[in-house]
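# An overview of the molecular structure
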Amino acid sequence: MKNITPKEVEQQLNEGKQLNIIDVREVDEVAAGKIPTAVNIPLGLLEFRMNELDKSKEYIMVCRSGGRSGSATQFLEGQGYNVINMTGGMMSWEGKTE
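Let me begin by describing the structure that accompanies this report. (Residues numbered from 1 in each chain as written. Predicted model: local features only at pLDDT ≥ 70, side-chain atom pairs only at ≥ 80, totals over all residues. Heavy atoms only, no water.)

### A look at the sheet that holds strand β4 (residues 58-62)
So the rule is basically this: Here, any two strands with at least 2 DSSP bridges between them count as paired. Only DSSP runs of H or I reaching four residues or more are called helices, and only runs of E reaching two or more are called strands; each is numbered from the N terminus. Throughout, a contact is declared for two residues whenever any of their heavy atoms are within 4.5 Å. Every axis corresponds to a line fitted to the C-alpha atoms, with the helix fit spanning only the stretch in contact, and the corresponding angles, defined between N-to-C directions, vary from 0 to 180 degrees.
An order of β1-β5-β4-β2-β3 is seen for the 5 strands of this open sheet, with the pairing classed as parallel. Bordering the open sheet on either side are β1 (2-4) and β3 (39-40), each of which pairs with just one other strand. In this sheet, strand β5 (residues 82-86) lies alongside β4 in parallel orientation, the contact comprising 4 bridges. Looking at β5, one finds that Tyr59 is bridged to Val83. Here helix α1 (residues 6-14) sits on the sheet in contact with β1, β2 (20-23), β4 and β5, set at roughly 70 degrees to β1. Docked against the sheet, helix α4 (residues 67-78) engages β1, β4 and β5, running at close to 170 degrees with respect to β5.

This is the structure we're talking about:
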């Protein structure tokens, strides 16, 4: 499983890089703040909504602390998706939120 740090994600966003970020937290958690441009697909719905993702793109998976996004990363990898887990999750995120 590939990993990326919150600092690396923030740096790439600040450089203007277009990232595909999937936040697998629950809707009420995301309401408290998410990384700008992140799309919310709660972990429990990922299996049913993975058809919304493009296998030719790279996705960064995010959750609160890194556990659920790690599970999501492993699941999607097994389905043939190009995914990276953001270690530490939103608890380690120091960048902007919306």
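### Re the nonpolar core
How we decide: What makes a nonpolar core is a set of buried Ala, Val, Leu, Ile, Met, Phe, Trp, Tyr and Cys residues whose side-chain atoms join them at distances within 4.5 Å. Think of it in three bands: with a 1.4 Å probe and only protein chains considered, a residue is buried below 20% of the maximum accessible area for its type, exposed above 50%, and partly exposed in between.
Grouped together as the largest cluster of nonpolar side chains are 13 residues, with contacts concentrated most on Ile22, Leu53, Met61 and Leu76. Contributions of two or more residues to this core are made by β4 and α4. When near neighbours in sequence (up to four residues on either side) are disregarded, Met61 contacts Ile22, Val24, Leu46, Ser69, Ala72, Thr73, Leu76, Val83, Ile84, Asn85 and Met86. Membership of the second largest hydrophobic core comes to 12 residues, among which are Leu19, Ala38, Ile60 and Val62.

### Some thoughts on the pairing of β5
Put simply, the rule reads: Orient the strands so they point away from the viewer; a crossover is then right-handed if the path from the first strand over the helix to the second runs clockwise.
Most of β5 is tucked away: 4 of the 5 residues are buried. Between the parallel pair β4 and β5, the chain is carried across by α4, and the sense of this crossover is right-handed.

### Observations concerning the pattern of salt bridges
Heads up, the rule is: What makes a salt bridge here is a side-chain nitrogen of Lys or Arg within 4 Å of a carboxyl oxygen of Asp or Glu, nothing more.
The final tally for this structure, using the stated rule, is 6 salt bridges. With a closest N to O distance of 2.9 Å, Glu29 and Arg68 form a salt bridge. A residue pair is termed long-range when its members are at least 10 positions apart, and Glu29 in helix α2 (residues 27-30) and Arg68 in helix α4 qualify at 39 residues. Take Arg68: its relative accessible area is 27%, and that puts it in the partly exposed class. Note that Arg49 is salt-bridged to Glu52, the shortest N-O span being 2.8 Å. On the basis of relative accessible area, Arg49 is assigned to the partly exposed category, the value being 24%. Here the salt bridges do not stand alone but share partners, grouping Lys7, Glu10 and Glu94 into one network.

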